[in-house]
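Each chain, letter by letter, is given below.
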Amino acid sequence: MNELIGKPVDRVDARLKVTGAAKYAAEFELKNLAYGVTVQSTISKGRIKNIDSTNTEALTGVLAVITYKNAMKLQVSTVPGSGRWAEKDLLPLQNDKVFYDGQHIAIVVAETLETAQHGAALLKVDYDEEHPVVEIEQAMAEAYKPKGGSQYSRGDINQGLQNAEVKIDETYSTPVYHHNPIEPQATIAEWTDDQLTIYDGTQAVYGSRNLIAGMLGLGADKVRLICLYLGGGFGCKGFTWAHSVLAPIAAKQVGRPVKIVLDRMQMFTSNGRRSRTIQKIELGASLDGKLTAIRHATNAETSFVDEFLEQAGRSSSFLYESPNVDVSHTLVKLNKITPCPTRAPGEASGTYAFEVAMDELAHKLKMDPIQLRLANYAETNPQNGHPWSSKYLKECYQRGSEIMGWSARNPTPGSMKEGKYLVGYGMATAVYAGNRGSASAKVRVYPDGHAVAGCCTQDIGTGTYTILTQTAADALGMSMDNVIVKLGDTILPRGPNSSGSQTAATAGPAVRAAALDVRSKIIQKAIADKKSPLFGQTEETIVVEDGRLFLKSDKSKGETYGQIISRLKVDMMEGEANITPSNRDPNKEPNPNRFAREDEEVDRKKYSFQSFGAQFAKVLVDPQLGSVRVSKCVGVMDIGTVLNPKTAENQIMGGMIWGIGMALMEGTMYDPNNGRVVTRDLADYRVPVNADMPEFHIEFLNKPDPYISPMGARGIGEIGITGITAAIANAIYHATGKRVRELPITPDKLL
Amino acid sequence: MQPFSVTEVKDNISGINALSGNSKAKIIGGGTNLVDLMKMYVETPQELIDINHLKLTTIEVHLNGGMRIGALVRNSDLAYAELVRKQYPVLSQALLSGASAQIRNMATVGGNLMQRTRCPYFFNTSFPCNKRIPGSGCPAINGFNRSHAVLGTSDKCIATHPSDMCVALTALDATILVQGPAGERKIPITDFYLLPGDTPDIETRLQKDELITGIDLPGISSGLSSHYLKVRDRASFEFAITSAAVLLDISGGIIRSARIALGGVGTKPWRSYEAEEILKGAPNNAQSYQAAADEALKNAKPQKYNAFKIELAKRTLIRALETTGGKS
Ligand SMILES: Cc1cc2nc3c(=O)[nH]c(=O)nc-3n(C[C@H](O)[C@H](O)[C@H](O)COP(=O)(O)OP(=O)(O)OC[C@H]3O[C@@H](n4cnc5c(N)ncnc54)[C@H](O)[C@@H]3O)c2cc1C
Ligand code: SF4
């Protein structure tokens, strides 16, 4: 092996992306392509009374106006392996009901995009409008506890609170956030006879294909979905939303391929959102800082057409040791689109509130915030006593505080100054699950010595192509230049969704095992072949470097993959792996791939898999004008093996930047009367710009997780956004002595 | 967008003729505001009159001091012009605090003067709006109005004038040069913008068939110091929540004269003669700054989500005065 894992190699697709050669979903140029533009409801609740398409249809170039009156019927998918349809009780264009602002109610299909857009603008829709429910506060009486594992308790919370010598009881709120990947949602659908090809930007290539097939009443084999590149997703491309089935409907109805791309405004109405949360946190502690009680009660919102819970309290049940814990969640139904996962669903909002509450407790106890966390350090998972697969959070605190210069912090709020600015230091714990799922992969080696690895997962923009190329090349003993990775196509073996930070931890071991499998098969061929210099040797004595297999003991004895396969007169050699981690069912056939088998034999149910980190922020606050500048951010992460420091740092920094946005400026605003989205563009919905960027210091402990997989790598896509928002909020408190418990912390709240 | 045609004009008169000949015609400068509004169907011109070839691209120095700036001078060229940076730093600062480098490279002086409010309800044609459709109502008054005005509002409209450049020009007593079928005329910037009153759809004194050709800036004495301060929700690419343009003439510890304009808080670029009166002859100190700020915001009317702007505008003005006057 040439030890490519852990090298800061450049992205293999960087050149394709910067030159525009990488084809994103909307960029496939199909012959005879027509353009679909969706028309959206302008009320939050009611029924469509009338749709007048006279003016639209009179436009030259308009091919069809599709509404609930003439749209093809859709069904609930029963195809196995279907991904999640975003809104269970709302199949698009099937009836006249309106549940939220921006619901797709028609598609105008035309020869050009411009004609379709103008046709959409000319469509006249009349409604019978009803009074919508628009904010959580309005409907608290109807709040309910969702089913499933979102309620948790241990010990006796009331006793724990009673026994406390110091208490915190505060309520925190986070607004609605939108994902806004820079690549908007896009789908092209093309029918050839009864076969459908879909080019779609999705975080779930395989599941989305099966789902769309099922909704259209087709078998999965009738549909191919292609998603070669994604310009981000952050969760809004994880479930399948209406536009992905509207394109095939429209294409069927006009008998031509149809492309639908949502515009930026539609990215605020038509692909989910992160729910607003109101989180009440009670902490009890003894004077030495030991937590006697943790209560974390979250109110979140869902819609009238499906249920999705922003599980903000999840990590509060295990982040710290405490005998008495009560975590609960309630939901309220609003006339808004159903929320969906958004980068670090649960933890991003939850760690904000919880880690601010911990900071409040530290101040009340006059204890250093890091000391408070160490006093309650969970050596094992307090929920079930399981050991962590690996946990180096103490080291993260330690290293983070060194980089931050934490020792220079005067703990008294408002005591530190630089010129006219108040200076604040804050910290928080970062946490996100170490998820891993099932995956399959194939790796082929060709007579000319190059290899192709295939897995039906997708590169959401994080660098999946790059790390899988490293993984395959490393396992094969080839240079990366000779390895091609193919992703994002349902003709490939089934890979994972890009959700829950699982892609690298899931697809990586499958590609590795498939590569080792083909390597082993080729070695077997060589040692059985009299013409090979390796004839008669055993597998263990052979190593591979740069595509050449040779004896460990004698480098001169060997030959290349190409030479061996060429002699075999086959098209290629293939290795395959299908891995279900913790698949230890003794009644099942053992996995035929021995590398996969060894991987599956690890009993993962015995361990708790979590990534951890420590996030720090330094802020400068102008007390007169209320403006905040984050001047330094430090993140030290324990995420297992770092596969590629460049892509890893990129993920953490991206998450931290989003955390700056959450802390200081982001939030979708709705009209308080009718619940319609008011901030619909990237001028009104503020994300941080380059001028807002602080100095970043990101480090990884790079301690392999011995149980997650043979590669030792847990995921990394989401943890960066956890903790940091609280660290900034805590730094602002430290600077000013003002505790703002409602995000974002805009200048008006600090006056 | 609604389909439209484009007419390129080579001289001012043809531009004016084209405007008078078609009531559905609109001038396009850099297009950074107009094209956005066309995409949203807020503006639906049938004809765009492209004035980018007119000879209105120069900055000339007047013999008696002062400066004439062509309507097509790009915002970035104006901001970086040596003469402007030396004589009118407040204008350069205001321009550079606005938008992004890319937008400033396209945006023209004429377009900046005529840019429309960023009220999100105005931008969304599926809401009523008195500015777009007179008499249809103002959803901002009972809606989400954090970005809206506290000065010069009416019960028909509370939209903020968004420009930074215009705040500096207002403090500098600029004059707007316009040309129409009847010839040329000059309008002081302080008269150019209209309060919404009952007719928020009528925003300026510019007539439908008139073209802005440039602006005149009077000379200012070299002893004057000035400053533009902008407070916003992020460090760049962002409109003002509040801003202040300040010019002070101080000698012997006394403020001899002051010119003050506020941004982000008014339905037009807001000149505060009241605050200037307070400062004139007053000692150059913190008490005077505070008194001026209180006076400037005396008639402010808060809305549900923007009440904070009153205090923030005062502090913004005070900080700008501190920076200019050197006292805090
Ligand atoms: C994302 C974004 C952020 C921004 N941020 C800021 C900011 O922070 N501060 C700020 O001040 N501005 C900001 N702007 C606004 C920007 O300054 C204006 O868009 C720009 O100045 C308009 O100039 P233009 O030449 O592109 O005008 P156009 O879009 O071409 O025209 C605007 C209007 O002016 C009319 N017009 C143009 N020239 C003339 C003329 N010579 N005579 C008569 N009428 C004319 C047009 O008919 C049209 O109605 C921002 C804009 C965007 C898009
Ligand atoms: S404030 Fe003015 S521009 Fe905004 S909605 Fe009301 S009338 Fe229209």
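## Considering the sheet that holds strand 18 (residues 439-445) of chain A
Residues and elements named next belong to chain A.
Reasoning step 1: The strand order 20-19-18-24 describes an open sheet built from four strands, whose pairing is mixed. Strand pairing shows two members of the sheet lacking a second neighbour, strand 20 (483-486) and strand 24 (573-579), which therefore form its edges. Between one strand axis and the next, the sheet turns through 15 degrees on average, direction left out of account.
Reasoning step 2: Bridge analysis of strand 18 against strand 24 gives seven bridges, and the strand direction is antiparallel. Along strand 24, the bridge assignment pairs serine 440 with asparagine 578.
Reasoning step 3: The sheet contacts of helix 11 (residues 503-528) involve strand 18, strand 19 (451-454) and strand 24, and relative to strand 24 the element is tilted by about 140 degrees.

## Topic: the site of ligand 2
Reasoning step 1: Near ligand 2 there are 14 residues, and of these B:Cys119, B:Cys129, B:Cys138, B:Cys157 and B:Ile158 occur at the shortest range.
Reasoning step 2: By residue class, the composition of the shell around ligand 2 is 10 nonpolar, two polar and two charged.

## What to know about the site of ligand 1
Residues and elements named next belong to chain B.
Reasoning step 1: Looking at ligand 1, there are 34 residues lining it, with Ile27, Gly31, Thr32, Thr108 and Asp164 nearest.
Reasoning step 2: Here an oxygen atom of ligand 1 sits 2.7 Å away from a polar atom, N or O, in the side chain of threonine 32.
Reasoning step 3: The contact in question runs from an oxygen atom of ligand 1 to an N or O atom on the side chain of threonine 108, over 2.6 Å.
Reasoning step 4: Protein coverage of the free-state accessible area of ligand 1, which is 970 Å², stands at 95%.

## As for helix 14 (residues 645-664) of chain A
Reasoning step 1: Over its 20 residues, helix 14 of chain A runs 28 Å from end to end, which matches the ideal 28 Å to within 8%, given 1.5 Å per residue.
Reasoning step 2: Between the side-chain oxygen of the N-cap and the backbone nitrogen of A:Lys646 there are 2.9 Å, and the N-cap of helix 14 of chain A in question is A:Asn644.

## Considerations on the domain arrangement of chain B
Reasoning step 1: Partitioning chain B into structural domains gives domain 1 (5-53) and domain 2 (225-325).
Reasoning step 2: Computed over C-alpha atoms, the centres of domain 1 of chain B and domain 2 of chain B are 36 Å apart.

## Some details on the domain arrangement of chain A
Residue and element names in this part refer to chain A.
Reasoning step 1: Under the domain assignment, chain A is made up of domain 1 (18-131 + 183-268), domain 2 (367-435 + 607-750) and domain 3 (437-580).
Reasoning step 2: Using only C-alpha atoms to locate each centre, domain 1 and domain 3 end up separated by 39 Å.
Reasoning step 3: Listed by partner, the interface residues are 19 residues for domain 1 and 15 residues for domain 3.
Reasoning step 4: Of the roughly 1,300 Å² buried between domain 1 and domain 3, counting both surfaces, carbon and sulfur atoms make up 53%.
Reasoning step 5: Summed over the three residues of domain 1 that lose the most area to domain 3, namely Gln203, Tyr206 and Arg224, the buried surface amounts to 40% of that side.
Reasoning step 6: Inspection of the region where domain 1 meets domain 3 yields one salt bridge.
Reasoning step 7: Across the salt bridge formed by aspartate 489 and arginine 224, the nearest N and O atoms sit 2.5 Å from each other.
Reasoning step 8: Connecting domain 1 to domain 3 are nine residue pairs in polar contact (both at pLDDT 80 or more).

## Observations concerning the sheet that holds strand 26 (residues 627-638) of chain A
Residue and element names in this part refer to chain A.
Reasoning step 1: Strand order in the open sheet formed by five strands is 16-17-25-26-27, with mixed pairing between adjacent strands. Bordering the open sheet on either side are strand 16 (417-418) and strand 27 (695-700), each of which pairs with just one other strand.
Reasoning step 2: Contacting strand 17 (421-433), strand 25 (610-622) and strand 26, helix 15 (residues 724-736) crosses the sheet at an angle of about 155 degrees to strand 17.

## Re the side chain of A:Ser53
Residue and element names in this part refer to chain A.
Reasoning step 1: One can find serine 53 in the loop between strand 2 (46-52) and helix 2 (54-58).
Reasoning step 2: You can call serine 53 buried: its relative accessible area is 15%.
Reasoning step 3: The residues contacting serine 53, other than those within four sequence positions of it, are Val65 and Leu123.

## Some remarks on the packing of aromatic side chains
Residue and element names in this part refer to chain A.
Reasoning step 1: Counted according to the given criterion, the structure contains 18 aromatic pairs over all chains.
Reasoning step 2: Relative to phenylalanine 612, the ring of tryptophan 388 has its centre 5.4 Å away and its plane inclined at 90 degrees; by these criteria the two rings are edge-to-face. Here the residue tryptophan 388 occupies a position in the loop between helix 8 (369-375) and helix 9 (393-404), and phenylalanine 612 occupies one in strand 25, the gap between them amounting to 224 residues.
Reasoning step 3: Here tryptophan 388 falls in the buried class, since its relative accessible area comes to 8%.
Reasoning step 4: A centroid spacing of 6.5 Å and a plane angle of 85 degrees characterise the contact between tryptophan 406 and tyrosine 425, whose relative ring orientation is edge-to-face. Taken together, the residues span a long stretch of sequence, with tryptophan 406 in the loop between helix 9 and strand 16 and tyrosine 425 in strand 17 at a distance of 19 residues.
Reasoning step 5: Residue class for tryptophan 406 comes out buried when judged on its relative accessible area of 7%.
Reasoning step 6: Among the aromatic residues, ring-to-ring pairing joins Tyr24, Tyr229 and Tyr465 into one connected group.

## Observations concerning helix 3 (residues 113-122) of chain A
Reasoning step 1: Every buried residue of helix 3 of chain A is listed here: A:Thr115, A:Ala116, A:His118, A:Gly119 and A:Ala120.
Reasoning step 2: Residues of helix 3 of chain A that are buried make contact with strand 1 (34-40), helix 2, strand 3 (62-67) and strand 5 (104-110) of chain A.

Conventions and cut-offs
- Residues numbered from 1 in each chain as written.
- Chains lettered and ligands numbered in written order.
- Predicted model: local features only at pLDDT ≥ 70, side-chain atom pairs only at ≥ 80, totals over all residues.
- Heavy atoms only, no water.
- Pairing = 2+ DSSP bridges.
- Helix = DSSP H or I, 4+ residues; strand = E, 2+ residues; numbered from the N terminus.
- Axes fitted to C-alpha atoms, helices over the stretch in contact; angles between N-to-C directions.
- Contact = heavy atoms within 4.5 Å.
- Near = heavy atom within 4 Å.
- Nonpolar A, V, L, I, M, F, W, Y, C, P; charged D, E, K, R; others polar.
- Polar contact = N/O pair within 3.5 Å; in protein donor to acceptor, adjacent residues only side chain to side chain.
- Areas by Shrake-Rupley, 256 points an atom, 1.4 Å probe, with all protein chains shown as cover.
- Expected span 1.5 Å × (residues − 1).
- Domains from an automatic or database assignment.
- Buried area = accessible area lost by both parts, 1.4 Å probe.
- Salt bridge = Lys/Arg side-chain N within 4 Å of Asp/Glu carboxyl O.
- Buried < 20%, exposed > 50% of the residue type's maximum accessible area, 1.4 Å probe, protein only.
- Phe/Tyr/Trp six-rings, centres within 6.5 Å; stacked < 30°, edge-to-face > 60°.

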